[in-house]
Amino acid sequence: MTESAATGDDYFTENPHADVAAGAADTSGNAEGPQTVEDIAEEVRDEIRLGHVEDEVSHVLEERLDDAGIIMRPEDVDDLAEDIERDVSS
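Residue indices begin from 1 for each chain and proceed along its sequence in written order. Local features are withheld for residues below a pLDDT of 70 in this predicted model, meaning they are given only at 70 or higher, and side-chain atom pairs are given and counted only at 80 or more; totals for whole chains, interfaces and linings count all residues. Where side-chain values are given, they derive from all heavy atoms of the structure, hydrogens and water being excluded.

### Quick word on the overall build of the protein chain
Spelled out, the test is: What counts as a helix is a DSSP run of H or I of at least four residues, what counts as a strand is a run of E of at least two, and both are numbered from the N terminus. Contacts are assigned to residue pairs that have any heavy atoms within 4.5 Å of one another. Here, Shrake-Rupley sampling with a 1.4 Å probe gives the accessible areas, and only protein chains in the shown set may cover a residue.
Helix and strand counts for the protein chain stand at 4 helices and 2 strands. When its helices and strands are written in sequence order, the protein chain yields β-β-α-α-α-α. At a minimum sequence separation of 6, the contacts of the protein chain that also span at least 24 residues come to 41%. For the protein chain, the exposed area adds up to about 6,500 Å²; of that, 46% sits on carbon and sulfur atoms.

### A few points about the confidence of the model for the protein chain
Heads up, the rule is: One number per residue, pLDDT, summarises how confident the predictor is, and it ranges from 0 to 100.
In this model, the protein chain carries a mean pLDDT of 77, and residues with pLDDT of at least 70 account for 63%. Low pLDDT, under 50, characterises residues 10-29; the predicted model gives this stretch 18 contacts beyond four residues in sequence or across chains.

The following block contains the structure:
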């Protein structure tokens, strides 16, 4: 968002719903703000290493992303899940 020089009002330069979606998506009670895809991927990696993930990684990842209000194409979620599995197994 940028301030309009003429009116002093805020106006959106890209996605007019970006601020609303980000604020509404944070229902986790996380005081640090909304989570990013990288944050969620790292949490899933850590939980896999600790043996806390018993389900398919892509399902866990998709659920976490949905909870955070992050929408990704299923192919991208699957690719990220494969990357996470590869990282954890090495």
